[in-house]
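Each chain, letter by letter, is given below.
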Amino acid sequence: MTAQYQPSGEDDALWQVAASLETIVADLCRRLQPFPSFLGMTTIQAIELDPTPAPVRDLGCVVLTPDGVIAELDVTAIPGVVGVLEVDQVEEFRLLELPAPARLIYLTEAVRVLAAEIAGRNG
């Protein structure tokens with residue numbers, strides 16, 4: 001996996017670090033079997049990333065997917081089957097195009113939460 005978004009003029013060194021961290025994050029994600037569910041939902045596997053302070057304002061729910069991708073998660077409620085499931089949901093993951101400094105903050109947060117999850121499983 002490599003950094004998907006690189007505006008012209010940004011420092012190539014930052015993108016090289018981001019690409020290296022993306023590889024590490026993807027490797028850590030592969031170690032988590034099963035991958036954690038999002039907020040206890042059985043239908044969504046994702047880990048919320050909430051670095052403080054947030055590097056970019058007005059993003060929705062930023063998550064890490066099982067394949068190590070940082071995405072924005074949008075969950076929309078829709079009418080379900082009457083009598084069986086009154087409300088259903090549709091999940092959509094949108095790849096985030098972030099500048100290198102913001103991408104590095106989210107990747108660092110991903111490493112932190114993944115390391116904590118792995119440590120918690122190992123006792």
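Residues numbered from 1 in each chain as written. Predicted model: local features only at pLDDT ≥ 70, side-chain atom pairs only at ≥ 80, totals over all residues. Heavy atoms only, no water.

Attention now goes to the overall build of the protein chain. When you go through the protein chain residue by residue, the secondary structure sums to 2 helices and 4 strands. Listing every helix and strand of the protein chain by position from the N terminus yields α-β-β-β-β-α. Taking all 123 residues of the protein chain together, 33% fall into the buried category. (Helix = DSSP H or I, 4+ residues; strand = E, 2+ residues; numbered from the N terminus. Buried < 20%, exposed > 50% of the residue type's maximum accessible area, 1.4 Å probe, protein only.)

Quick look at the nonpolar core now. Counting 24 residues, the largest nonpolar core has Val25, Ile47, Leu49, Leu64, Ile70 and Leu114 as its most contacted members. For this core, the elements supplying multiple residues, two or more each, are α1 (12-31), β2 (61-64) and α2 (100-121). Examining the composition of this core, we find that 9 residues originate from one element, α2, more than from any other. Core analysis: the next-biggest nonpolar cluster, separate from the first, contains 5 residues, Phe38, Ile44, Ala46 and Leu73 among them. (Core = buried A, V, L, I, M, F, W, Y, C linked by side-chain atoms within 4.5 Å.)

With that settled, consider α2. Residue pairs spaced three or four apart in an α-helix point in one direction, given the helix's 3.6 residues per turn. Along its 22 residues, α2 runs 31 Å from first to last C-alpha, staying within 8% of the 32 Å computed at 1.5 Å per residue. The secondary structure elements touched by the buried residues of α2 are α1, β1 (47-48), β2 and β3 (70-79). Note on α2: the residue one or two positions beyond its end, Gly123, has a positive phi of about 95 degrees. (Expected span 1.5 Å × (residues − 1). Contact = heavy atoms within 4.5 Å.)

Attention now goes to the confidence of the model for the protein chain. On average, residues of the protein chain carry a pLDDT of 85, and 84% of them reach 70 or more. Looking over the protein chain, one finds the lowest element-wise mean pLDDT in strand β4 (residues 87-95), namely 79, and the highest in β2, namely 95. (pLDDT = per-residue confidence, 0-100.)

Moving on, we get to the pairing of β2. As paired elements, β1 and β2 share 2 bridges and run antiparallel to each other. Counted as the bridge partner of Glu48 is Val63 from β2. Bridging between β2 and β3 involves 4 bridges; their strand directions are antiparallel. For Val63, the partnering residue across the bridge sits in β3 and is Ala71. What sits between the antiparallel neighbours β2 and β3 is a turn of 5 residues, in which Gly68 has the positive phi angle 85 degrees. (Pairing = 2+ DSSP bridges.)

Secondary-structure assignment places Ala100 in helix α2. Between the alpha carbons of Ala100 and Gln16 there is a distance of 9.5 Å; along the sequence they are 84 residues apart.

What follows is about the pattern of salt bridges. A side chain with one charge can pair with a side chain of the opposite charge if their charged atoms come near. If you walk through the whole model with that rule in mind, you get 8 salt bridges. Ionic pairing is found between Glu22 and Arg103, a salt bridge with its closest N-O pair at 2.7 Å. With Glu22 in helix α1 and Arg103 in helix α2, this residue pair connects regions lying 81 residues apart in the sequence. Pair check on accessibility: Glu22 and Arg103 agree, each one buried. With a closest N to O distance of 2.8 Å, Glu109 and Arg112 form a salt bridge. Of the two residues, Glu109 and Arg112 both sit in helix α2, 3 residues apart, roughly one turn of that helix. Here the salt bridges share partners, and the residues they tie into one network are Glu72, Asp74, Glu92 and Arg94. (Salt bridge = Lys/Arg side-chain N within 4 Å of Asp/Glu carboxyl O.)

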